[in-house]
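# Breakdown of the fold
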Amino acid sequence: MGTSLTPEFWERFALLLFAAMGLTFALAALLDELALRWIKRHTHRPPTAPRPTPSRTGTDHRTSVSC
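Residues numbered from 1 in each chain as written. Predicted model: local features only at pLDDT ≥ 70, side-chain atom pairs only at ≥ 80, totals over all residues. Heavy atoms only, no water.

## Brief notes about a nonpolar patch on the surface
Put simply, the test is: Only residues whose relative accessible area exceeds 30% and that take part in no salt bridge are eligible for patches, with like-charged residues grouped when within 9 Å of each other and nonpolar side chains (Val, Leu, Ile, Met, Phe, Trp, Tyr) grouped when within 5 Å. For accessible areas, the Shrake-Rupley method is used with a probe of radius 1.4 Å. Any residue's cover is judged against the shown protein chains and nothing else. Salt bridge, as used here: a side-chain nitrogen of Lys or Arg that lies within 4 Å of a carboxyl oxygen of Asp or Glu. Strands are runs of DSSP state E lasting at least 2 residues, helices are runs of H or I lasting at least 4, and numbering of each runs from the N terminus.
Taken together, the side chains of Leu5, Phe9, Trp10, Phe13, Leu17, Phe18, Met21 and Phe25 make up a nonpolar region of the molecular surface, amounting to roughly 830 Å² of accessible area. Tracing the backbone through its elements, the reader meets Trp10 in helix H1 (residues 7-43).

## Quick look at the pattern of salt bridges
For the structure on display, the rule yields two salt bridges. A salt bridge links Glu8 to Arg12, with the shortest nitrogen-to-oxygen separation between them at 3.2 Å. With Glu8 and Arg12 both in helix H1 and four residues apart, this pair spans about one turn of that helix.

## Some details on the packing of aromatic side chains
Let me state the cut-off plainly: To pair, rings of Phe, Tyr and Trp, with the six-membered ring standing in for Trp, must have centres within 6.5 Å; the planes then decide the type, stacked if under 30 degrees apart, edge-to-face if over 60, and tilted in the middle. Exposure categories follow from relative accessible area, calculated using a 1.4 Å probe and restricted to protein chains: below 20% of the type maximum is buried, above 50% is exposed, and the middle band is partly exposed.
In the structure shown here, the tally under the stated rule is three aromatic pairs. Plain terms: the ring middles of Phe9 and Phe13 are 6.1 Å apart, the flat faces sit at 20° to each other, and that makes the pair stacked. Residue Phe9 and its partner Phe13 are located together in helix H1, separated by four residues, close to a single helical turn. For Phe13, a relative accessible area of 40% corresponds to the partly exposed category. Relative to Phe13, the ring of Trp10 lies with its centre 5.7 Å away and its plane at 90°, an arrangement referred to as edge-to-face. One end of the pair, Trp10, and the other, Phe13, are both in helix H1, three residues apart, so they sit about a helical turn from each other.

Rendered as structure tokens:
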């Protein structure tokens, strides 16, 4: 014995379906925004100032290469 699906069932089904879709899209947008902020925060670092190279004092201590 089969049961028929009433118009009330389809109304509730449509309401729950659209509510679930809306919640899914909202959560996906929120999580995407949070992920993009996290990526931007961890990849966009200000450039650091170059370190000054130590200056050599005294004589040059390089090895001669002449043959």
